[in-house]
Amino acid sequence: MKRNYMFALLLLPILASAETLNICQGPITYKLPTDKVGEIPFSGNSSFSAMGKIYELKDGDRIYVDSSVISSDIIVTFSDGQVMLEIPGDIASKIQSEIDGTNVKITAEIPVSISVSGQCSQGQFALKATEPANLTVKNLNISNNNDAAVSLTGTGKVYMKIEGENFLSSGVDSDKPTLRIKTPAELLGTGKMTVTAKAAGEKAIKSNDDLEISGGEIIASVSGNAVYDSTDSKVKSSACLASDKNLLISGGTISATASGSGGKGISVDDNLTINGGEIRVVTSGGMAVYSGSSLNHNYTGNTDRLNSDMKSSPKGIKVDGEILISGGDINVKTSGNGAEGIESKTTLTISAGNVFVQAYDDAINSSSHMYISGGNVTAIGQSNDGLDSNGNMYISGGIVRAFGSRSPECGIDANEEGGYSVVFTGGMILGVGGNNSVPSTLASTQPYLTSSISVSAGQTLTVKSGDEVLATFEIPSEYNPSSSSWRPAPPAMMGPPPGGMPPMMGPGGWGGGPGGGGPGQNGGPVLISLPQLKKSSSYTISNGTTNTTATAK
């Protein structure tokens, strides 16, 4: 039963003990329990106070009592015509709400729970929280042509729970990310959220603070090409998921697809930690290079001497800080010119998990040392290295399969020309392609084999000691030896060739440049290291049709 009240009296007695007092002011309804309100003092006919909040009445406002249930959440419901709010009366005095058409902003000074749902073709939900906030998005479908569809700001950590099936999108002219996060946040839940950005150089999900993903199914995609920012004098590219600080992935499912030039699947300015979850990244855009007054979106020339601000290469996962992988299932594929799979600008560590990378350029790259102590790692570099460390590469455990291109590129590449080395102390290791780097220090305690035997996609490579099978390596079907192939190192020259001596070759072996097995190391395209190997002992390597013998070093 609904009861309407007149307000000519100085006091409004609330007699019902199990009903709800509804105060409706435009699209906002405040819900108060009548048994806790007591008598409401009025100031004339225009305002009154209840549960710590002063309500200013206007024409069209309504107050009534019914038996509806009061939620502990602030409830936000979108439609194309309007957005409706329900706010519990006990927290109303600490909540500020602003509604402009179908744009709503909530500012909370206390811990708060908010539930957002509905559908809107042009709108925005914005939350500014100074204390921890629980935000649930459930069956929310919202687009914004010129701003973020969902914006989270403040200093309080926001726990964004994903339920049902949600869609967030932004238009081709938007200069804001679709999901903008400027506060510490965690994405969790069991639902699905699809986030799309179409504008050039824009982000689907952008965090300016620490971000954790622990649950939910997140599908993020960007299709815009890179842009040249004349203010910053820099080429900037789109990214499915970007963080200015640290990103932690501990659960959930992430699918990231970038199709524009220079596009990134995941881009992190500080450190990336992956402890769990499933991650799928696909990029297909080309290299973006700004030259003169134009931006080339599929540059195929040499970029080594170009200013880094004038180019943006596509990458699956790009991290300026450390990459730490201790779990999860990671699959990265990149196909555009210059596209690396996983790149750390400092160190990269893999201790567990499944990692599969197929890249046009380096599959897995670190600007400093690389550490692999566990997990199952497959790295395929179509036109460059499989594993590329610009410092030492330490492999102490796990299963490692690395496939590179022709010399001087290779399957396993430590920065030997810089005085670094690979160090094998454990693990099952296979390197294919070019002149693989081999250990050069006493720190490496696990013997290795080298062979010129060829391998191809779908084959099984077997290592035997007599009749005992020590290891088998399945060659992935994604490995294409016709494009990711090798040429065996030439025999040592016995004298000047006809026509005189060739130009000086670099320390990378035949062909010069970084990444080869070093001067005089003509080990061929296959490198194998196993815990069972013993130095100076002979072993048989078979590719299914051919057998060859190699001696452990």
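In case you missed it, the structure is sitting above this.
Residues numbered from 1 in each chain as written. Predicted model: local features only at pLDDT ≥ 70, side-chain atom pairs only at ≥ 80, totals over all residues. Heavy atoms only, no water.

Considerations on the sheet that holds strand β35 (residues 311-312)
Pairing within the open sheet is antiparallel, and its three strands lie in the order β34-β33-β35. The open sheet has two free edges, formed respectively by β34 (294-296) and β35, since each of these has just one partner strand. As judged from the three bridges shared by strand β33 (residues 288-291) and β34, these two strands associate in the antiparallel manner. Bridged to Y290 within β34 is L295. (Pairing = 2+ DSSP bridges. Helix = DSSP H or I, 4+ residues; strand = E, 2+ residues; numbered from the N terminus.)

Section: the nonpolar core
One finds V76, F78, I106, I114, F125, I342 and I364 to be the most contacted residues of the largest nonpolar core, which totals 103 residues. Those residues in contact with F125, other than ones at most four positions away along the chain, are V76, F78, V104, I106, I114, V116, L135, I142, A149, V150 and S151. The next biggest cluster of nonpolar side chains, apart from the first, holds 23 residues, and it includes F356, A471, F473 and I541. (Core = buried A, V, L, I, M, F, W, Y, C linked by side-chain atoms within 4.5 Å. Buried < 20%, exposed > 50% of the residue type's maximum accessible area, 1.4 Å probe, protein only. Contact = heavy atoms within 4.5 Å.)

Some words on the side chain of T347
Assignment of secondary structure puts T347 in the loop between β38 (340-344) and β39 (348-359). Among the polar contacts made by the side chain of T347, one reaches the side chain of E322 at a distance of 3.0 Å. Every residue in contact with T347, bar those within four places of it in the chain, is listed here: G321, E322, I323, S368, H369 and Y371. (Polar contact = N/O pair within 3.5 Å; in protein donor to acceptor, adjacent residues only side chain to side chain.)

Focus: the pairing of strand β30 (residues 264-268)
Burial within β30 is extensive, with five of its five residues counted as buried. In this structure, strand β27 (residues 239-243) lies alongside β30, joined through four bridges in parallel fashion. Considered in β30, the bridge of A242 is made with S267. Pairing between β30 and strand β36 (residues 315-319): four bridges, direction parallel. Its bridge partner lying in β36, V268 is registered against V319.

Some remarks on the packing of aromatic side chains
Scanning the model with the defined rule gives five aromatic pairs in all. Relative to Y55, the ring of Y30 has its centre 5.1 Å away and its plane inclined at 70 degrees; by these criteria the two rings are edge-to-face. Taken as a pair, Y30 in strand β4 (residues 28-33) and Y55 in strand β7 (residues 53-56) lie far apart in primary sequence, 25 residues in all. Of the two residues examined, Y30 and Y55, each falls in the buried class. Ring geometry for Y228 and Y290: centres 3.7 Å apart, planes at 5 degrees, overall stacked. Of the two residues, Y228 is situated in strand β25 (residues 227-229) and Y290 in strand β33; the sequence distance between them amounts to 62 residues. Y228 sits in the partly exposed class, given a relative accessible area of 26%. Following the ring pairs from residue to residue traces out a cluster consisting of Y30, F48 and Y55. Seen from the ring of Y55, K53 lies directly overhead, with NZ or CZ sitting 5.5 Å from the centre. (Phe/Tyr/Trp six-rings, centres within 6.5 Å; stacked < 30°, edge-to-face > 60°. Lys NZ or Arg CZ within 6 Å of the ring centre and 35° of its normal.)

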